[in-house]
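Overview (structure and organization)
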Amino acid sequence: VKTPRRLPAPEAPPVADAPVRAEHVRDHVTALANALHLIRLTAGNDQWVLAALDLADRQLAALMILATAVPDPFQEPDTHRVGGAGVADGWREEGKG
Amino acid sequence: MKYTPRPLSVLVVEDHADTAQSTADLLVLYGHRVRVARCGEDAVRAAAAEAPDVVLLDLGLPGMDGWQVARRLRARPRGKQPVVVAVSGYDGAEDRVRSADAGVDLHLAKPVEPAVLVGMLRRFREALAPPVAAADTGHGRRS
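In this report, the structure presented in the accompanying data block is examined. (Residues numbered from 1 in each chain as written. Chains lettered and ligands numbered in written order. Predicted model: local features only at pLDDT ≥ 70, side-chain atom pairs only at ≥ 80, totals over all residues. Heavy atoms only, no water.)

This part is about the overall build of chain A. Per the secondary structure count, chain A includes three helices and zero strands. Helices and strands in chain A line up, N terminus first, as α-α-α. Counting across all 97 residues of chain A, residues that qualify as buried make up 35%. Taking the contacts inside chain A whose residues are at least 6 apart along the sequence as the reference set, 57% of them involve residues at least 24 apart. On chain A, roughly 6000 Å² of surface is accessible, and the fraction owed to carbon and sulfur atoms is 61%. (Helix = DSSP H or I, 4+ residues; strand = E, 2+ residues; numbered from the N terminus. Buried < 20%, exposed > 50% of the residue type's maximum accessible area, 1.4 Å probe, protein only. Contact = heavy atoms within 4.5 Å. Areas by Shrake-Rupley, 256 points an atom, 1.4 Å probe, with all protein chains shown as cover.)

This is the structure in structure tokens:
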């Protein structure tokens, strides 16, 4: 029975106040797609499936952070940053985000 | 006569740890021999130590970028030339021209569907690593 060689090291979270780069998003989506494929491929092997779920969780967490910083032409320019004003000043709570 | 597929030797060059490891895991499960390099310099060293059949090459790497790696690979002797596939977040027309100029065989934009990657390698495997005959014991043969 094959077992995962090791859990990948956690990726550093996106840098606060850094502009979102498409390549960062694409990297996380790639790893998320790989994780889902690994889950299908190894269904029934708990060790593999749990490792792949852990991988998927990390990518989704990173993508959720990045998603708050995706440029939106209807918002103020300074909200287009990770950890920027768009999250802090409650745009989303006001239904504008 | 029985034939067994020869595994492809794949070098995954990728600085994003999760993408590198999950791609390697995936390809190992599909029967390939996989090594991972996290930067351009390591990739060139790994290719020199053992020539891979296929290099999956990220382009935005720390230090030596993927295009430089491709050029270094293309400088190797003809018999040790791998198939070089760029798998990158860089997807502009200029990026693709740079890839072609650097000797990249195929430029794929991330995210690449795993099934597409696996299918591509299966076809490479059929072309580059044809099945080898397993030891034939001669049982059942008539002379």
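With that settled, the discussion passes to the sheet that holds strand β4 (residues 54–57) of chain B. All names here are of chain B. Read from one edge of the open sheet, five strands run β3-β2-β4-β5-β6, paired in parallel fashion. Since the sheet does not close on itself, it has two edges, and those belong to β3 (33–37) and β6 (106–109), each with one partner. Neighbour-to-neighbour, the strand axes of the sheet open up by a mean angle of 20 degrees, direction not taken into account. Here strand β2 (residues 9–13) runs beside β3; their pairing, made up of five bridges, is parallel. Across the sheet, the residue bridging to S9 is R33, located in β3. Across the sheet, helix α1 (residues 17–29) is in contact with β2, β3 and β4; its angle to β3 comes to roughly 170 degrees. Strands in contact with helix α2 (residues 40–49) are β2 and β3; relative to β2, the strand with the most contacts, it is inclined by about 165 degrees. (Pairing = 2+ DSSP bridges. Axes fitted to C-alpha atoms, helices over the stretch in contact; angles between N-to-C directions.)

All names here are of chain A. Running from N to C, helix α1 (residues 22–41) and helix α2 (residues 46–67) point in directions that differ by 155 degrees, and their axes come no closer than 8 Å. Looking at the two axes, α1 sits roughly antiparallel to α2. Of the two possible hands of crossing, α1 and α2 adopt the one that is left-handed. Two secondary-structure elements touch here, α1 through H24, V25, H28, V29, A31, L32, A35, L38 and I39 and α2 through W48, V49, A52, L53, L55, A56, Q59, A62, L63 and L66. Partitioned by chemical class, the residues of the contact of α1 with α2 number 16 nonpolar, three polar and no charged. (Parallel < 35°, antiparallel > 145°, perpendicular 65-115°, else oblique. Left-handed = near helix turned anticlockwise from the far one by under 90°. Nonpolar A, V, L, I, M, F, W, Y, C, P; charged D, E, K, R; others polar.)

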